[in-house]
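Structural overview for review
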Amino acid sequence: MSVVALSGSPSASSRSTALLRHVLARLDDGVARSEISLRDLPPAALVRADFDDPAIRRARDQVAAARLVVIATPIYKASFSGLLKSFLDLLPQDALRGKTVLALGTGGSAAHLLALDYALKPVLAALGARHILDAVYAVDAQFTPHAILGHVAHDDVLRRVERALAEAPVAWRRAGLDSPRPVALAA
Ligand SMILES: Cc1cc2nc3c(=O)[nH]c(=O)nc-3n(C[C@H](O)[C@H](O)[C@H](O)COP(=O)(O)O)c2cc1C
């Protein structure tokens, strides 16, 4: 049982990545987890769709091994980031079949609240995902800057994360999430 987290923001100090790390941090100790920062993958390999690049292969293998895939993205131009799409394009057609997927998105305004549903979810479905948890969308105003973490999401956002995770399959929750550990919520 393992979890892979894909950070789809090009920014070093990213709200969507902060939310992603919150999800990783609240998993039980026994759950193996890894984070792939897509901005750190070789740009030329992403732009040229180099399927054989060693770092791309490693990232693909991490996705293949995961039972839960958590994907975080900023909303760019009413959709998910091009960086994320570049990586998803390098996955095999059935890369997400049999996996649970949680999508997290952050945007400047609530106007693009549904972008994860209308833009990202169809791509996840095309990759074989059939169990997609409720997406969590937050606006920039729902984050407080943090000296170490970069940003911390407000309580109402974290509650929606918990609600989404509660829909994870029983088999997965048995592996560590039956009794979620209390999460320190930001003031
Ligand atoms: C190039 C660009 C395009 C953006 N387009 C949108 C948009 O269409 N809708 C929106 O709500 N926010 C938009 N934003 C704001 C970001 O989605 C928002 O600040 C987000 O929280 C950034 O996430 P990050 O900190 O994880 O990178 C855009 C920002 C940039 C830099």
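In case you missed it, the structure is sitting above this.
Quick summary incoming for the structure in this document. (Residues numbered from 1 in each chain as written. Predicted model: local features only at pLDDT ≥ 70, side-chain atom pairs only at ≥ 80, totals over all residues. Heavy atoms only, no water.)

**Some thoughts on the site of the ligand**
The immediate surroundings of the ligand are formed by 17 residues, with S9, S14, S16, I75 and D140 found nearest. Between the ligand and R15, the relevant distance is 2.8 Å, taken from an oxygen atom to a main-chain nitrogen or oxygen of the residue. When the ligand sits alone it has 640 Å² of accessible area, and the protein chains cover 73% of it. For the shell around the ligand, the secondary-structure elements that each account for two or more residues are α1 (15-25), β3 (68-76) and β5 (100-107). In terms of residues, the shell around the ligand owes the most to one element, β3, which gives three residues. (Near = heavy atom within 4 Å. Polar contact = N/O pair within 3.5 Å; in protein donor to acceptor, adjacent residues only side chain to side chain. Areas by Shrake-Rupley, 256 points an atom, 1.4 Å probe, with all protein chains shown as cover. Helix = DSSP H or I, 4+ residues; strand = E, 2+ residues; numbered from the N terminus.)

**Brief notes about the layout of surface pockets**
Approximately 150 Å³ is the volume found for the second largest pocket. Around the second largest pocket, the lining is made up of 15 residues, and of these S11, A12, S14, T17 and R21 lie nearest the centre. When contributions to the lining of the second largest pocket are tallied by element, the ones reaching two or more residues are α1 and β2 (32-37). The dominant element in the lining of the second largest pocket, judged by the number of residues it contributes, is α1, at three residues. Tallied by class, residues from the lining of the second largest pocket come to three nonpolar, eight polar and four charged. (1 Å grid on protein atoms, 1.4 Å probe; cavity = no way out; pocket = protein on both sides within 12 Å on 5 of 7 lines; lining within 4 Å. Points joined across faces, edges and corners; volume = space filled by probe spheres on them. Nonpolar A, V, L, I, M, F, W, Y, C, P; charged D, E, K, R; others polar.)

**Side note on the pairing of strand β7 (residues 136-139)**
Alternating positions in β7 separate into two faces, V136 and A138 on one and Y137 and V139 on the other, with burial throughout. Sheet topology places β5 next to β7; four bridges connect them, and they run parallel. Each bridged residue has a counterpart across the sheet, and for L104 the counterpart in β7 is V136. (Buried < 20%, exposed > 50% of the residue type's maximum accessible area, 1.4 Å probe, protein only. Pairing = 2+ DSSP bridges.)

**As for the packing of α1 against helix α6 (residues 155-165)**
Look at α1 against α6: their axes get within 11 Å of each other, and the N-to-C directions meet at 50°. Looking at the two axes, α1 sits oblique to α6. Crossing angle aside, the handedness with which α1 passes α6 is right-handed. Residues L19, H22 and V23 of α1 lie in contact with α6, whose contacting residues are V157, L158, V161, E162 and L165. (Axes fitted to C-alpha atoms, helices over the stretch in contact; angles between N-to-C directions. Parallel < 35°, antiparallel > 145°, perpendicular 65-115°, else oblique. Left-handed = near helix turned anticlockwise from the far one by under 90°. Contact = heavy atoms within 4.5 Å.)

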